[in-house]
Structure formats: structure tokens, C-alpha cells
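Observations on the three-dimensional arrangement
The primary structure of each chain is shown beneath.
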Amino acid sequence: MGAIAGAFGVHGEVRLKSFCVEPEAIFAYSPLTDEKGETEYTPKITRVLKNGFAARLSGIHGREQAEALKGLRLYTYRDRLPALPDDEFYHADLIGLDVLDTGGTLLGKVTAVLNHGAGDLLEVRAPNTDDATLLLPFTQEIVPVLDLGAGRLIADPPEDFAD
């Protein structure tokens with residue numbers, strides 16, 4: 001949902017960067033948690049900043065505590081997220097899916113969803129390797145079948161995909 005960019009001021013506020021399409025929507029998903037869901041934070045906006053917000057987080061009372069959170073990525077509970085149309089997916093739903101080609105051969109697993117401005121790319125880790133990754137455009141043409149229930153997607157990669 002977002003991340004803490006550091007402390008703001010001396011009274012325990014943080015610089016909060018939102019990853020939401022509408023940045024202020026991050027406050028609607030409260031409480032936010034750390035990655036493991038062990039610590040919850042309820043953010044309250046104190047002002048709008050360039051590229052984010054100044055906010056108070058529940059339980060954070062001083063600059064030292066706020067500074068210690070720098071780099072913390074914030075998450076929300078899945079049931080707080082809105083339902084999506086059939087042709088849209090949360091990145092978290094795609095990560096971990098098996099990627100098979102149209103002949104049924106396992107190409108790997110989705111390890112990340114990247115977007116550098118020209119559309120989403122699926123980072124696919126080849127089977128039985130720790131570091132061999134390939135990038136697959138996430139388009140209807142290249143990924144004609146996505147079956148979240150089965151934990152897989154079928155890809156029709158370009159000819160040079162495995163090169």
C-alpha cells in the first residue's frame with residue numbers, strides 16, 4: 001500500500017509514500033501493517049507533501065521512533081481491498097503462479113510484476129534455478145489464460161522469450 005520514507009519534523013510524524021492509484025486512498029485501508037502483519041499502524045494525515053504525505057502513526061511518539069521506521073513497507077488486510085473487474089488483478093495474486101506454455105511445459109514461476117511505464121511485465125524464474133529470470137509481457141495476447149484457482153497461467157511467449 002505504501003512505505004515510510006523517513007521522519008518528518010521532530011514530533012513523531014513520518015513521510016508516507018502511497019502506492020495507491022489515488023494516493024490519499026491509503027488512509028481508507030487503515031489499519032496498515034508491517035509485512036508479517038505483526039504490527040498495525042493507524043495513519044492520520046497531517047499535511048500533503050510533494051510525492052506523499054506527512055502523517056502520524058499510532059504508537060509512534062517521537063522523531064527517533066519515526067526515523068526507525070524508514071523504509072518500512074506498509075500492507076493492508078486482503079478483505080479491505082475492493083473487488084476488481086474480471087480483467088484486472090492484484091500483483092500479489094500473480095506472484096507465485098506457475099507459468100506454462102501453450103504445450104503445457106513449465107516455464108517457471110512469477111516472482112514479481114514490474115511496470116516501467118510501458119505496461120506490466122511478469123518476472124518469471126525458470127524452474128530449478130535460483131537466478132535465471134525472464135520477462136514476459138502481461139498482455140492478453142501473451143497471457144491468454146489466467147487461472148488463479150489452479151495457481152497457473154498459460155503463456156504464448158514471443159519466439160525469442162527463452163533466448
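Structure first, text after, so check above.
Anyway, here's the lowdown on the structure attached to this text. (Residues numbered from 1 in each chain as written. Predicted model: local features only at pLDDT ≥ 70, side-chain atom pairs only at ≥ 80, totals over all residues. Heavy atoms only, no water.)

Looking at the overall build of the protein
Along the protein, the regular secondary structure elements total 2 helices and 13 strands. If you line up the protein on its principal axes, its C-alpha atoms span 60 × 35 × 30 Å. Across the protein, every contact between residues at least 6 apart in sequence was considered, and the portion connecting residues at least 24 apart equals 43%. Put simply, the protein shows about 10000 Å² of open surface, and 50% of that area lies on carbon and sulfur atoms. When the 15 basic and 26 acidic side-chain charges of the protein are each reduced to a single mean position, those positions are 14 Å apart. (Helix = DSSP H or I, 4+ residues; strand = E, 2+ residues; numbered from the N terminus. Contact = heavy atoms within 4.5 Å. Areas by Shrake-Rupley, 256 points an atom, 1.4 Å probe, with all protein chains shown as cover. Lys, Arg positive; Asp, Glu negative; His and termini not counted. Charge placed at Lys NZ, Arg CZ, Asp CG, Glu CD.)

Overview of the pairing of strand S5 (residues 43-49)
Note that S5 and strand S6 (residues 52-57) share 6 bridges and pair antiparallel. Paired with Arg47 across the strands is Ala54, a residue of S6. The hairpin turn running from S5 into S6, its antiparallel successor, is 2 residues long, and Asn51 in that turn takes a positive phi close to 65°. (Pairing = 2+ DSSP bridges.)

Focus: the sheet that holds strand S2 (residues 13-18)
One open sheet accounts for 5 strands, arranged S5-S6-S2-S1-S7; its pairing is antiparallel. Each having just a single partner strand, S5 and strand S7 (73-74) make up the two edges of the open sheet. Sheet analysis places S2 next to S6, joined by 3 bridges and oriented antiparallel. Counted as the bridge partner of Arg15 is Ala54 from S6.

A closer look at the sheet that holds strand S11 (residues 133-137)
Spatially, the 6 strands line up as an open sheet ordered S11-S10-S9-S8-S13-S12, and their pairing is mixed. Of all the strands in the sheet, just S11 and strand S12 (145-147) have a single pairing partner and so form its edges. Neighbour to neighbour, the strand axes of the sheet diverge by 35° on average, direction disregarded. Examined bridge by bridge, strand S8 (residues 98-101) and strand S13 (residues 152-155) share 4 bridges and lie parallel to one another. (Axes fitted to C-alpha atoms, helices over the stretch in contact; angles between N-to-C directions.)

Considerations on the packing of aromatic side chains
By the definition in use, this model includes 2 aromatic pairs. Between the aromatic rings of Phe27 and Phe53, the centroid separation amounts to 5.2 Å while the plane-to-plane angle is 80°, which identifies the pairing as edge-to-face. With Phe27 in the loop between S2 and strand S3 (32-33) and Phe53 in strand S6, the pair connects residues that are 26 residues apart, well separated along the chain. An identical accessibility class is assigned to Phe27 and Phe53; each is buried. (Phe/Tyr/Trp six-rings, centres within 6.5 Å; stacked < 30°, edge-to-face > 60°. Buried < 20%, exposed > 50% of the residue type's maximum accessible area, 1.4 Å probe, protein only.)

Comments concerning the environment of Gln140
Here Gln140 shows up in the loop between S11 and S12. Residues Gln140 and Asp87, spaced 53 residues apart in sequence, show a C-alpha to C-alpha distance of 9.3 Å. Here Pro144 takes part through its backbone oxygen, which lies 3.4 Å from a polar atom of the side chain of Gln140. (Polar contact = N/O pair within 3.5 Å; in protein donor to acceptor, adjacent residues only side chain to side chain.)

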